[in-house]
Amino acid sequence: MRLKPLLFSLLLCLSGTLAFGQHSGSVTGRIEDENGPLPGAAIRLKGTSQGTVTDLSGAFRLTNVPAGPITLAAGYIGYQTAELTVQATTGEVVIPIIKLTPEGKALSDVVVRGTMAASQIKAMSIKRNSLAMMDVMAADAIGKLPDRNAAEAVQRMPGVAVARYHGEADQATVRGVPFSWTSTLLNGTRMPSASVGGSRNAVLDAVPSEIIQYVQVAKALTPDMEGDAIGGSINFVTRVAPEFRKLSVSAAGGYNNFSKDGTYNASITYGDRFMKGKLGVMLTAAIWDRQWGTDEYVVSYNTGLPVPEQRYSLNSLLLKRYMGKRQTYGLNAGLEYRFNEKHRIFGRALHDKFNDIRPVYESYLLFNTNEYQLNYRYSYYQTRIDGGEMGGEHQLASRLKLDWSASNYVSEFYIDTPPTLPKDKRGLPIATFKQKLTKGFGGQASDGKRYLSFDSPNGVGDDPMHILPHLNDPTELMNPDQLTLRQLVIAQLGTKEADRVAQANVKYDVSSRFSLKVGGKFRHKYKESQNTSLVYLPGAAAGIPNSPPLVPLSQLERTDFPVRQNFFRNLGSSYDAFAMNSLTKNQLFDLFSPEFQQATKARDVSPISSATGRFDGTEDVLALYLMGEWNVTPKLKLFGGVRNEHTTVKLNGSSYKRETITENGQSKSVETVTPTKVKNDYHAFLPMIHVKYTPTQKSVLRAAFTRTFIRPNFSDLNPGENINTTTNPISISRGNINLKPTFASNFDVMGEYYFDNIGLLTGGLFYKKIKDYSFSNQTVETYNGLQALITQPQNLENASLKGLELGILRRFNFLPGFLSGLGVELNGTAIHSSLRVPRSVNNEMRYETTSLPNQSKFLFNAIVFYERKGLTIRLAGNFRGRSVEAINQQLGPDFYTWTDNNFTLDGSAAYTISDKFRVFVEVNNLTNEPVRMYMGKLERPTSTEWYSQRGQAGIRWDIF
């Protein structure tokens, strides 16, 4: 491996230079204020350029300190600089805790009595003193907005965008790139993924925000960070042992305006130190239980028709209601033991659980076949993240430091219903009913197809958001007596990732101006995934002679449609006729029982290819890096190095083949499934270089070149295919064993200016040159005589991305009286990406340019806050610009699927009754912003989803 000779040489260098420290020593200590540790505080040897910064616990170590009297200067944003004279020796000197006090009367009141300023100071101090281009959010800032999971918390940070899943953020990305291009870390190591789609995206709705101590968003990586992150990395640092005893509780109750039901949220945090401060313990528990609901308006088009103009005609309209319960539980434990100032060990344990329980009611208008379709499913999705880690930090000599850790985390998504089936056949149960219309739907255009009015050949069509049945017989309504059971499906969805990671880093201070760092990380990942379907047809639907008649919905046990009076209330037209009283949960489960299957002479018609949706395998990653840090002058710092990640992927799956053979003069179709083994082995050599220039105490300039990459998703490498027969049209997804990793060369420039009154102005430019971009291509094929939408990943040509990022945090405490409490926090990112998509038109190859999927042209956060005399009010707007979600390489840009602009407005208010007791209220989605998707044109919707407002009020009590 390329780095081995370098690492060996470095170790020889380290062993040979230890003796150079015999005339110098080290100084260790802590910097705090009256509330506790100050992370990111600067400590320097007065009169020299030598210095360092405190870690997240407020601790620091200065090495290469000459023996004799020295003066230390400690500074922090918004605080008075403190100086301390000590007698240094050739050994280690441990100094008393340095206490800092806020600067100025007005600022002192804000810092000490305010609820926001302290967290902003921490974030800015860590940002200013970090090596990487990084933004930081502290735990106490997360609690100031109505953000109850990790994804919702991070959406407020500059350049970060989130994906919303039925009203709650569940994924995050940096600088608007595809979500899988952002590395989501837990305490510095990439989180295993429980994404049901098989991607590497971490599922963040399972992580309650209360267990997070800091969020670090790195936009230009350093060699000691994991290199598979083209957009950047988001590191969630869980809570660790405090320096002082801590016990705090919070409790809140709320209301969901869509489900018309209540919610509650509670947490408790306890931390303390024992054995004269050597042993530290931290425990955090959180629960968030809420009712929720969503209406989704889904339109599909006949994109597979041979006549180009008819590809815009309507295939179906789906009116879908979700109504259920979500539960998020989190438990975090932290343990630390300090032997002395040179050695400490720590441990962390984590248990997060997310339950998503929801009945789903689906009413279809099938225009091509003149039918109604009713689906009822009972979804009980479960996601868990479990695991722990241990590690240590050791000052082996005055210039030599070692840190290490080992972790084992498991992330799993699974479904365990219905109980009427054996364990190996359980999954998501779906019952499908259909009703044939005698007279059919009206409203056809001149060619006999249904259209939106602007797509129609003669202008006859519907308004995009008011597609109506136009029944030729007005009495042919959806009727439980005529809706008969046609199909039962178990969608077997599940995924599990288990990561075992070991890593070690060694840092050696060659001199007061130059240090070297070397390290390695090994990760063994076990992956298993299932995306298969079990399909059962009643005998009469399968055409079996002498079968019992089809069972109508009216003969089965049903329950009232939930909150019927609000069904699609956001649309001016009424769809009440499609709000059908559907099955009870237990009745749905009973349909899959052996007794019901026998009574209806049901037949198992599961696709043979479904077996290819199962795979398992391993991924082994060995990463080694070499990094140097050089203080060229007191104001100029140069650092960088190389990282190499060697990846070996082995997957055990199966492939599907369908062919036509001739026997005895007759042709027949033969389907076969063959076990397969896939292996992918590659190196990622990643050079990185950073420059940091600090012209003044208030300003910082940064520049960086980095090379990063993204590994293919496991599901994309699996050669099998999955067929979903419950959608209309049928959807089929396939893998591609020939996918390559995607690499990027990244160029970043960033400037920062820090105001005196806890404020910040930032701006920067970035450019990414991308090689072997991988995207999900969509085509249309015929499957068993029906139209099917095929999705398959492919590598395309090179792409590029460039952008501008601006931000400002400004407090107006220089204004008189009441107005002094005002402030704003604004950040925006403008991004332009370019991707060439090849397409064959009339046997000629054409190239069409589009933006990268999931990449928004504009991201914007606007927070207006007021903070004075214990009162804090925040109004936060989050904007994510439109982005292409799916590329149709076969048909071209007019058939790409897009997500529209999305702007959400949230608010919160809190009042600090005393130093230990606070009351608060918070509201999400004040403007009831829907999530919209469309095909080609904004006027051609594919999905629109509403989820209304939710809010809660509660208390927070810091007991001690």
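It should be emphasised that the depicted structure is a prediction, and the values quoted were computed from it without experimental measurement.

## Quick look at the side chain of Ser180
Part 1 of the argument: In this fold, Ser180 is placed in the loop between strand S12 (168-174) and strand S13 (182-186).
Part 2 of the argument: When neighbours within four sequence positions are excluded, Ser180 is seen to be in contact with Arg190, Asn201, Ile710 and Asn713.

## As for the confidence of the model for the chain
Part 1 of the argument: Chain-level pLDDT for the chain is 87 on average; 93% of the residues reach the 70-or-more range.
Part 2 of the argument: The model gives residues 1-22 a pLDDT under 50, and that stretch makes 28 contacts with residues more than four places away or in other chains.

## Examining the sheet that holds strand S3 (residues 42-45)
Part 1 of the argument: Spatially, S4-S3-S6-S7 is the arrangement adopted by the four strands of the open sheet, whose pairing is antiparallel. The open sheet has two edge strands with one neighbour each: strand S4 (51-53) and strand S7 (82-88). With strand direction ignored, the average angle separating the axes of adjacent strands in the sheet is 20°.
Part 2 of the argument: The pairing of S3 with strand S6 (residues 68-75) spans four bridges and is antiparallel.

## Some points on unusual backbone geometry
Apart from glycine, the bulk of residues carry a negative phi angle, and the bulk of peptide bonds sit in the trans form.
Part 1 of the argument: Of note, the bond from Thr417 into Pro418 is cis; its omega dihedral lies within 30 degrees of zero at -10°.
Part 2 of the argument: Tracing the backbone through its elements, the reader meets Pro418 in the loop between strand S23 (400-415) and strand S24 (428-436).
Part 3 of the argument: Of note in the backbone geometry, Lys276 takes a positive phi value of approximately 55° without being a glycine.
Part 4 of the argument: Here Lys276 lies in the loop between strand S18 (261-274) and strand S19 (279-301).

## Considerations on the pattern of salt bridges
Where charged atoms from two side chains of opposite charge approach closely, those side chains can pair.
Part 1 of the argument: By the definition in use, this model includes 49 salt bridges.
Part 2 of the argument: Note that Arg523 and Glu226 form a salt bridge whose closest N and O atoms lie 3.1 Å from each other. Residue Arg523 is located in strand S26 (residues 514-537), and its partner Glu226 is located in the loop between strand S15 (212-220) and strand S16 (232-238); the two are separated by 297 residues in the primary sequence.
Part 3 of the argument: For Arg344, the salt bridge identified is with Glu393, shortest N-O distance 3.3 Å. Taken as a pair, Arg344 in strand S21 (residues 343-366) and Glu393 in strand S22 (residues 371-395) lie far apart in primary sequence, 49 residues in all.
Part 4 of the argument: The exposure class of Arg344 is partly exposed, given its relative accessible area of 21%.
Part 5 of the argument: Owing to a relative accessible area of 24%, Glu393 belongs among the partly exposed residues under this scheme.

## Brief notes about the pairing of strand S45 (residues 902-912)
Part 1 of the argument: Taking burial as the measure, the 11 residues of S45 include eight buried ones, the bulk of the element.
Part 2 of the argument: Where strand S42 (residues 871-880) lies against S45, 10 bridges are found, and the strand directions are antiparallel. Across the sheet, Leu875 pairs through a bridge with Gly907, a residue of S45.
Part 3 of the argument: The pairing of S45 with strand S46 (residues 917-924) spans six bridges and is classified as antiparallel. Note that in S46 the partner of Gly907 across the bridge is Val923.
Part 4 of the argument: Here S45 folds back onto S46 in antiparallel fashion, the turn holding four residues.

## Regarding the pairing of strand S35 (residues 759-771)
Part 1 of the argument: Judged from the 13 bridges that link them, strand S34 (residues 742-755) and S35 form a sheet pairing that is antiparallel. Bridge pairing in S35 links Tyr754 to Leu760.
Part 2 of the argument: The hairpin turn running from S34 into S35, its antiparallel successor, is three residues long, and Ile758 in that turn takes a positive phi close to 60°.
Part 3 of the argument: Bridge count between S35 and strand S38 (residues 799-811): 11 bridges; the pairing is antiparallel. Within the sheet, the bridge partner assigned to Tyr767 lies in S38 and is Lys802.

Criteria and thresholds
Residues numbered from 1 in each chain as written. Predicted model: local features only at pLDDT ≥ 70, side-chain atom pairs only at ≥ 80, totals over all residues. Heavy atoms only, no water. Helix = DSSP H or I, 4+ residues; strand = E, 2+ residues; numbered from the N terminus. Contact = heavy atoms within 4.5 Å. pLDDT = per-residue confidence, 0-100. Pairing = 2+ DSSP bridges. Axes fitted to C-alpha atoms, helices over the stretch in contact; angles between N-to-C directions. Salt bridge = Lys/Arg side-chain N within 4 Å of Asp/Glu carboxyl O. Buried < 20%, exposed > 50% of the residue type's maximum accessible area, 1.4 Å probe, protein only.

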